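Examination of the molecular architecture
The lines below spell out each chain.
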Amino acid sequence: MLLRLSHFSPSSLSKFSPFISLLPKSSYLLSPHHFHPPLLPSNATTIIQSLNPKPSSMTKLSHQLSTASALIRQPSSSSSSSPPLSRKKAKKKAKKELSPEAVLQKCLGLCSKNNDLAEALRLYDEARVNNVNINVNHYNVLLYLCSSNSEGLDRGFEIFNEMSVRKVDLNEASFTSGARLAANKEDPEMAFDLVKRMKRVGIEPKLRSYGPALFGFCQKGMADKAHEVDAHMVELGVLPEEEEIRALLKVSAEAKRVDRVYEMMQRLRVSVRQVSEDTADVVENWFRSEVAEGVGVENWDVGKVREGVVKGGGGWHGQGWLRSGKWRVARTEMDESGVCRECGEKLVSIDIDPRETENFANSLTTLACQREVKGDFTQFQDWLQRHGPFDAVIDGANVGLFNKQNFCFFELNSVVNKMRQMSPSKRLPLIILHRGRVTGGPAQKPNNEKLIESWKKSGALYATPAGSNDDWYWLYAAVSSKCLLVTNDEMRDHLFQLLGTSFFPRWKEKHQVRLTFSSRGIAFHMPPPYSIVIQESEQGSWHVPTVTGDDIEAPRQWVDLFICESCHQLLAHRVADCEDILELINFKHVPIEVVLVIRVDSKYTRAIFAALLKLKVGSPFETKEHGLQLQRQDPARKGQF
């Protein structure tokens with residue numbers, strides 16, 4: 001007789017199989033981080049919700065597993081005489097059956113959720129006693145829990161070895177958990193061996209697979225081994241992210257590997273662009289170190305450095321450390337034109353290769369056609385060929401709904417007119433709106449109908465079809481037209497993550513126009529005239545942008561790093577704080593007379609004069625460059641001209 005779970009009431013189920021009482025009310029399936037166990041049969045939800053388990057029910061698993069297994073797997077004596085089931089009924093029957101393996105997976109998932117290693121190991125031991133088939137997904141949950149608990153390391157290795165004995169096919173998650181076990185035992189060498197073993201058996205390691213070995217070597221100060229792991233990653237095309245590069249930078253600095261530090265700074269520039277506060281701290285600590293004072297050369301090939309800048313598109317030269325001496329490390333901001341408020345150096349705008357833009361537009365088309373109705377998107381491309389290119393594209397929904405619950409055509413039109421005035425061709429920008437915005441709601445008001453009709457006649461409005469995602473449309477239009485994009489969308493969701501982290505952030509930085517609305521009207525925040533990325537100057541200084549601030553609500557914070565050998569060099573820059581002059585003069589013991597003959601632009605005279613007043617230099621005096629006579633002021637107006 002075939003016993004099926006669906007034939008029993010909750011009370012009879014518990015009687016026949018106490019194991020069923022382990023199941024919770026919720027059908028929520030939990031997977032530990034990075035692991036994805038198979039889903040339960042769909043009828044598990046019905047069975048689970050019909051029960052009322054108690055927290056103390058996870059006991060005496062031997063009887064529970066064996067009973068559940070017998071209950072579900074017992075062959076039916078009447079099955080041979082039963083009429084054949086239709087495909088639909090057979091599928092329905094299969095869904096109602098709940099195997100011990102599925103129940104075990106569910107229970108292990110609960111243990112993972114509660115970080116209950118002891119209960120998970122007990123479930124595992126009892127399952128082995130009762131000959132329940134333990135698959136790779138069960139093992140992966142157990143390995144994950146063992147690698148996350150220091151008391152589970154020995155059992156974790158035991159389970160990992162048993163997988164080999166039982167010839168379980170290990171996957172990437174299995175090897176990664178094994179590597180974590182090794183790293184927790186402070187054996188990064190074993191963790192690295194497991195990653196190399198993955199390659200030998202044809203499994204592609206992921207970034208997480210390398211973490212245990214890489215961070216383990218870095219924590220032990222083993223710089224050479226850490227870079228060996230890094231080289232293995234690069235060989236297999238696994239790209240490190242900020243956390244990995246930061247660890248390599250720190251271990252290289254501690255090991256005094258100055259060339260490696262330089263390499264990691266360049267990789268931060270390429271891969272990260274704007275750094276976190278943790279990374280900024282590591283960078284600052286390196287430049288404050290005594291080792292950093294003597295790394296640079298004094299007499300470098302200016303032509304070669306310049307050639308490197310031109311070849312790289314600007315903002316870096318890649319020729320190694322330039323200049324030696326004590327580095328000045330300061331947090332600063334850039335003014336609107338990109339001039340550093342600390343050292344006075346002007347940042348550059350780094351070019352984008354036109355071929356990169358073309359390749360990006362092609363990739364964007366491919367992705368859009370995969371996720372949109374292909375005919376709809378190709379129709380838009382044809383329309384754009386006939387009516388474009390444009391000087392600007394407006395994300396109509398984002399602008400019309402900014403700070404409002406209801407769509408506002410008045411504000412949208414204000415932005416359209418302003419962008420038209422700013423346009424070199426004085427042409428209307430392209431407005432992208434969903435079809436529902438154009439035909440319903442506020443669009444039905446007479447004034448808005450006239451406005452919409454005027455945009456249509458001018459070829460400045462495109463209504464995206466029902467069911468489409470208008471993000472693909474306005475982004476493609478802006479990229480293909482090589483024009484500005486007006487939107488406050490930060491473009492950080494899943495759609496934009498598909499576009500990668502190499503080209504898209506650079507394109508966005510140079511093309512996005514953001515808006516702020518206030519009682520004084522609309523403020524347009526144009527793309528900055530400089531690139532917000534780590535920059536290395538031809539004179540050897542560095543500017544490192546952080547993620548603190550966004551240049552609109554709060555100024556972005558930068559780390560300014562430069563070597564200043566004399567007051568001549570310092571005063572040649574814009575001085576934000578005259579205390580800098582005093583500090584330098586006192587530190588270097590430069591004679592005060594030197595200040596009087598330095599080349600000084602008129603915009604620096606206030607800070608210089610204030611510093612001289614504090615040093616009680618006699619007055620009047622004059623600068624040699626401009627013949628400006630600077631008179632000493634009374635205390636109430638000290639430093640003013």
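Residues numbered from 1 in each chain as written. Predicted model: local features only at pLDDT ≥ 70, side-chain atom pairs only at ≥ 80, totals over all residues. Heavy atoms only, no water.

1. Focus: the sheet that holds strand β9 (residues 542-545)
- The strand order β1-β10-β9-β8 describes an open sheet built from four strands, whose pairing is antiparallel. Of all strands in the sheet, those bounded by a partner on one side alone are β1 (327-332) and β8 (535-536).
- As paired elements, β8 and β9 share two bridges and run antiparallel to each other. Residue Gln 535 lies in a different strand from β9, and its bridge partner there is His 543. (Pairing = 2+ DSSP bridges. Helix = DSSP H or I, 4+ residues; strand = E, 2+ residues; numbered from the N terminus.)

2. Some points on the confidence of the model for the chain
- Summarising the model, the chain shows a mean pLDDT of 78, and 72% of its residues fall at 70 or more.
- Across residues 1-82, where pLDDT falls below 50, the model places 137 contacts with residues more than four positions away in sequence or in other chains.
- In the predicted structure, residues 613-641 sits below a pLDDT of 50 and forms 53 contacts with residues beyond four places in sequence or in another chain. (pLDDT = per-residue confidence, 0-100. Contact = heavy atoms within 4.5 Å.)

3. Description of helix α7 (residues 136-147)
- The end-to-end C-alpha separation of α7 is 16 Å, in line with the 16 Å expected for 12 residues at 1.5 Å each.
- Counting buried residues along α7, 11 of its 12 residues qualify, which places the element largely inside the surrounding structure.
- The set of residues buried in α7 consists of Val 136, His 138, Tyr 139, Asn 140, Val 141, Leu 142, Leu 143, Tyr 144, Leu 145, Cys 146 and Ser 147.
- Sitting at the amino-terminal end of α7 is Asn 135, which places a side-chain oxygen 3.0 Å from the backbone nitrogen of Asn 137. (Expected span 1.5 Å × (residues − 1). Buried < 20%, exposed > 50% of the residue type's maximum accessible area, 1.4 Å probe, protein only. Polar contact = N/O pair within 3.5 Å; in protein donor to acceptor, adjacent residues only side chain to side chain.)

4. With respect to the packing of helix α12 (residues 223-235) against helix α13 (residues 242-254)
- Running from amino to carboxyl end, α12 crosses α13 at an angle of 150°, the nearest separation of the two axes being 9 Å. Regarding the angle of α12 to α13, the classification is roughly antiparallel. Where α12 crosses over α13, the two elements pack in a sense that is left-handed. Between α12 and α13, the contacting residues are Ala 223, Ala 226, His 227 and Asp 230 on the first element and Leu 248, Val 251 and Ser 252 on the second.
- By residue class, the composition of the contact of α12 with α13 is four nonpolar, two polar and one charged. (Axes fitted to C-alpha atoms, helices over the stretch in contact; angles between N-to-C directions. Parallel < 35°, antiparallel > 145°, perpendicular 65-115°, else oblique. Left-handed = near helix turned anticlockwise from the far one by under 90°. Nonpolar A, V, L, I, M, F, W, Y, C, P; charged D, E, K, R; others polar.)

5. A closer look at unusual backbone geometry
- Of note, the amide linkage connecting Gly 388 to Pro 389 takes the cis form, showing an omega dihedral of -5°.
- Within the secondary structure, Pro 389 sits in the loop between α19 (374-387) and β2 (392-395).

6. Quick notes on the pairing of strand β3 (residues 430-434)
- Among the five residues that make up β3, four are buried, leaving the element largely enclosed by the rest of the structure.
- Bridging between β2 and β3 involves three bridges; their strand directions are parallel. Its bridge partner being in β3, Ile 394 is matched across the sheet by Ile 431.
- Note: β3 against strand β4 (residues 461-464), four bridges, orientation parallel.

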